[in-house]
Amino acid sequence: MGIAYLIDTHILLWWLFDDPKLNSECQDIIRNPDNRILVSSVSAWEIATKYRIGKLPEAKQIVEEYAQILRQAKFIELAISSAHALRAGSLPIAHRDPFDRMIMAQAELENLPVITYDKAFQTGLIQIVPR
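Fair warning: this is a prediction, and the values are worked out from it, not measured in the lab. (Residues numbered from 1 in each chain as written. Predicted model: local features only at pLDDT ≥ 70, side-chain atom pairs only at ≥ 80, totals over all residues. Heavy atoms only, no water.)

Enquirer: Please explain the overall build of the protein chain as it appears in this structure.
Expert: Across its full length, the protein chain carries seven helices and four strands. For the protein chain, the α and β elements follow one another from N to C terminus as β-α-α-β-α-α-α-β-α-α-β. On C-alpha atoms alone, the protein chain measures out to a radius of gyration of 14 Å, which is about the 14 Å that the 2.2 N^0.38 rule sets for 131 residues. C-alpha extents for the protein chain along the principal axes are approximately 40 × 35 × 25 Å. Counting over 131 residues, the protein chain shows a buried share of 43%. (Helix = DSSP H or I, 4+ residues; strand = E, 2+ residues; numbered from the N terminus. Rg over C-alpha atoms; globule rule 2.2 N^0.38 Å. Buried < 20%, exposed > 50% of the residue type's maximum accessible area, 1.4 Å probe, protein only.)

Enquirer: Could you clarify how one ought to interpret the pairing of strand S1 (residues 4-7) in this entry?
Expert: The side chains of a regular strand alternate, first on one face of the sheet and then on the other. In S1, alternate side chains face the same way, and those of Ala4 and Leu6 on one face and Tyr5 and Ile7 on the other are all buried. Here S1 pairs with strand S2 (residues 36-40) via four bridges, running parallel. Bridge pairing in S2 links Ala4 to Arg36. Note: S1 against strand S4 (residues 114-115), two bridges, orientation parallel. Along S4, the bridge assignment pairs Leu6 with Val114. (Pairing = 2+ DSSP bridges.)

Enquirer: Would you mind showing me how to read the pairing of S2 here?
Expert: Burial analysis of S2 places four of its five residues in the buried class, which makes it a mostly covered element. Bridging between S2 and strand S3 (residues 76-78) involves three bridges; their strand directions are parallel. Paired with Ser40 across the two strands is Leu78, which belongs to S3.

Enquirer: Please explain helix H7 (residues 98-110) as it appears in this structure.
Expert: One full turn of an α-helix is made of 3.6 residues, so residues set three or four places apart face in the same direction. Compared with an ideal rise of 1.5 Å per residue, which puts 13 residues at 18 Å, H7 spans 18 Å between its outermost C-alpha atoms and is within 8% of the ideal. Restricting attention to buried positions, one finds in H7 the residues Phe99, Asp100, Arg101, Met102, Ile103, Met104, Ala105, Gln106 and Ala107. In this structure Asp97 caps H7, since a side-chain oxygen of it lies 2.8 Å from the backbone nitrogen of Phe99. Trailing H7 by a residue or two, Asn111 shows a phi angle of about 55 degrees, which is positive. (Expected span 1.5 Å × (residues − 1). Polar contact = N/O pair within 3.5 Å; in protein donor to acceptor, adjacent residues only side chain to side chain.)

Enquirer: Just to check I follow, could you spell out the pattern of salt bridges for this structure?
Expert: In a structure, side chains of opposite charge can pair up when their charged atoms sit close to one another. Within this structure, the stated rule accounts for five salt bridges. Glu46 serves as the salt-bridge partner of Lys50, at 2.9 Å between the closest nitrogen and oxygen. Placement of both Lys50 and Glu46 in helix H3 (residues 41-52) is noted, with a separation of four residues, approximately one turn of the helix. According to the relative accessible area criterion, Lys50 is partly exposed, its value standing at 28%. (Salt bridge = Lys/Arg side-chain N within 4 Å of Asp/Glu carboxyl O.)

Enquirer: Please clarify how the nonpolar core should be interpreted in this entry.
Expert: If you look at soluble globular proteins, the nonpolar side chains tend to sit buried side by side. Counting residues in hydrophobic clusters, the biggest one holds 21 residues, and the most contacted among them are Ile7, Leu12, Ile47, Phe75 and Ile115. Counting only elements with at least two residues in this core, the list comes to S1, helix H1 (9-16), helix H2 (24-31), S2 and helix H5 (66-73). Not counting residues within four places of it along the chain, the set of residues in contact with Leu12 comprises Ile7, Val39, Ser43, Ile47, Tyr66, Leu70 and Phe75. Formed by 13 residues, the second largest nonpolar core is a distinct cluster that contains Leu38, Leu78, Ala107 and Val114. (Core = buried A, V, L, I, M, F, W, Y, C linked by side-chain atoms within 4.5 Å. Contact = heavy atoms within 4.5 Å.)

Below, the structure written as structure tokens:
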């Protein structure tokens, strides 16, 4: 059996939009049927928020069909627990983005590597920052 990975929201979007910014290393990990790809519930909130305020107009279909799209991609939603929320709120880092903080907290508590390009995740958590 492969490894479980938590993917950051931008990685999810790049995968769904077939964006060339997503390098082959990440694509191979996500495409590998032995790996379990988890997506935080906070990603749905982040995508919907950015769509609503006009920062992500191309995400209309994703917002409307989110659960179905995740199922088709064979991704697993990682629900937010109160333990995740408490950890996100108390992370001893200066990073202010609540979406990133939640993904960091979930990765830490669930002992999951994160697939991200975001340098803010270099906090000592297990992670993958693609080259």
